[in-house]
Amino acid sequence: MIPFDDSRLTAMGLLAEAYTGLSAKMHLSFAAVGLSDIDFETLIRLARSPGQRLRMSDLAAQTSLSTSGVTRVVDRLEREGLVVRQACASDRRASYAAITDAGTDRLGAVLPQHLADIETWFTGLLSAEQLSTLLDTLRIIRDAVRPCATAGAELTPSE
């Protein structure tokens, strides 16, 4: 007999359902300021990184996009003036994506609503202890399944 009531299946199902539901709620706020979900993810990762920039390869690793996928996203964001590419002084083969003032402004336009959405549909539903436990748990899982998810997040020497 196949164990359809296995708690591991329940855990994965609940995680998928929660993520899908949260994504749908957040998508509306992003769309209201002309951003897709991946645009927002790209801009917020750049804004929260040292120097507000990341190597393209690190940005790809953090977003789980392919290198060509992140190139297409950065190309589009660059055309919109939200991101610029910067050459890497120590490695001619590498380049950085950096958020522009216009990119920061676009994030600023969506962040109040995004934070309200997070509070309403996610963190506000949990006690402080539950949230702390959830964050610790998610980091354990993230570090196991996506060890490159924080690539480039540490401070790098100035160039």
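These numbers were taken from a predicted model, which means no experiment stands behind them.

A.B. asks: Can you walk me through the overall build of the protein in this structure?
C.D. replies: When helices and strands are tallied, the protein shows six helices and three strands. Counting helices and strands in the order they occur from the N terminus, the protein gives α-α-β-α-α-β-β-α-α. Along the first, second and third principal axes, the C-alpha set of the protein runs to 60 × 35 × 30 Å. Here the protein, with 159 residues, has 28% of them falling under the buried criterion. Taking all contacts inside the protein whose residues are at least 6 apart in sequence as the whole, residues at least 24 apart take part in 58%. For the protein, the exposed surface amounts to about 10,200 Å²; the carbon and sulfur share of it is 60%. One finds the centroid of the 16 positive side-chain charges in the protein at a distance of 7 Å from the centroid of its 20 negative side-chain charges.

A.B. asks: What is the right way to look at the sheet that holds strand E1 (residues 53-55) in this model?
C.D. replies: Strands pair in a sheet through their backbones, by hydrogen bonds, and they do so in one of two ways: parallel or antiparallel. The strand order across the open sheet formed by three strands is E1-E3-E2, and the pairing between neighbours is antiparallel. Both edges of this open sheet fall to E1 and strand E2 (83-87), since each of them pairs with a single strand only. Averaged over all adjacent pairs, the angle separating strand axes in this sheet is 25°, with direction ignored.

A.B. asks: I tried to follow the confidence of the model for the protein on my own but got confused; where do I start?
C.D. replies: Low-pLDDT stretches of the model should not have their predicted coordinates read in fine detail. In the predicted model, the protein carries a mean pLDDT of 91, and the fraction of residues at 70 or more is 96%. Per-residue pLDDT, averaged within each element of the protein, yields its smallest value for helix H3 (residues 56-63) (90) and its largest for helix H5 (residues 101-121) (97).

A.B. asks: When you look at the nonpolar core in this model, what are you seeing that I'm missing?
C.D. replies: Soluble globular proteins: nonpolar side chains tend toward being buried together. Leu-43, Leu-46, Leu-59, Val-74, Val-83 and Ala-97 are the most contacted members of the largest nonpolar core, which totals 22 residues. Elements supplying a minimum of two residues to this core: helix H1 (7-32), helix H2 (37-47), H3, helix H4 (67-79), strand E3 (95-99) and H5. When sequence neighbours within four positions are dropped, the list of residues in contact with Leu-43 reads Leu-35, Leu-77, Leu-82, Val-83, Ile-99, Gly-103 and Leu-107.

A.B. asks: Would you mind going over the packing of H2 against H3 with me for this structure?
C.D. replies: In a pair of packed helices, the angle between the axes and the distance between the axes together describe the arrangement. At their nearest, the axes of H2 and H3 sit 11 Å apart, and the two run at 125° to each other. Classed by the angle they form, the pair H2 and H3 counts as oblique. Note on packing geometry: the crossing formed by H2 with H3 is right-handed. When H2 is examined against H3, the residues Ile-38, Glu-41, Thr-42, Arg-45 and Leu-46 are found in contact with a partner set consisting of Leu-59, Gln-62 and Thr-63.

A.B. asks: Is there a simple way to think about the pattern of salt bridges in this case?
C.D. replies: Where charged atoms from two side chains of opposite charge approach closely, those side chains can pair. Here the structure, examined in full by the defined rule, presents eight salt bridges. Arg-93 is paired through a salt bridge with Asp-91; the nearest N and O atoms lie 3.1 Å apart. In this structure, Arg-142 and Asp-143 form a salt bridge, with 2.7 Å as the shortest nitrogen-oxygen distance. Here Arg-142 falls in the partly exposed class, since its relative accessible area comes to 30%. For Asp-143, a relative accessible area of 46% corresponds to the partly exposed category. Salt bridges linked by common partners bring Asp-75, Glu-78 and Arg-85 together as one network.

A.B. asks: Please clarify how unusual backbone geometry should be interpreted in this entry.
C.D. replies: Note: most peptide bonds trans; most residues except glycine with negative phi. The phi dihedral of Gln-52 falls on the positive side, at around 55°, and the residue is not glycine. Inspection of the secondary structure puts Gln-52 in the loop between H2 and E1.

A.B. asks: What's the story with the pairing of E3 in this structure? I'm lost.
C.D. replies: Sheet faces and side chains relate simply in a regular strand, where the side chains alternate between the two faces. Among the five residues in E3, four count as buried, and that is most of the element. Examined bridge by bridge, E1 and E3 share three bridges and lie antiparallel to one another. Bridge pairing in E3 links Arg-55 to Tyr-96. Bridge count for E2 against E3 is five bridges, and the pairing is antiparallel. Residue pairing in the sheet places Ala-87 in a bridge with Ser-95 of E3.

Criteria and thresholds
Residues numbered from 1 in each chain as written. Predicted model: local features only at pLDDT ≥ 70, side-chain atom pairs only at ≥ 80, totals over all residues. Heavy atoms only, no water. Helix = DSSP H or I, 4+ residues; strand = E, 2+ residues; numbered from the N terminus. Buried < 20%, exposed > 50% of the residue type's maximum accessible area, 1.4 Å probe, protein only. Contact = heavy atoms within 4.5 Å. Areas by Shrake-Rupley, 256 points an atom, 1.4 Å probe, with all protein chains shown as cover. Lys, Arg positive; Asp, Glu negative; His and termini not counted. Charge placed at Lys NZ, Arg CZ, Asp CG, Glu CD. Pairing = 2+ DSSP bridges. Axes fitted to C-alpha atoms, helices over the stretch in contact; angles between N-to-C directions. pLDDT = per-residue confidence, 0-100. Core = buried A, V, L, I, M, F, W, Y, C linked by side-chain atoms within 4.5 Å. Parallel < 35°, antiparallel > 145°, perpendicular 65-115°, else oblique. Left-handed = near helix turned anticlockwise from the far one by under 90°. Salt bridge = Lys/Arg side-chain N within 4 Å of Asp/Glu carboxyl O.

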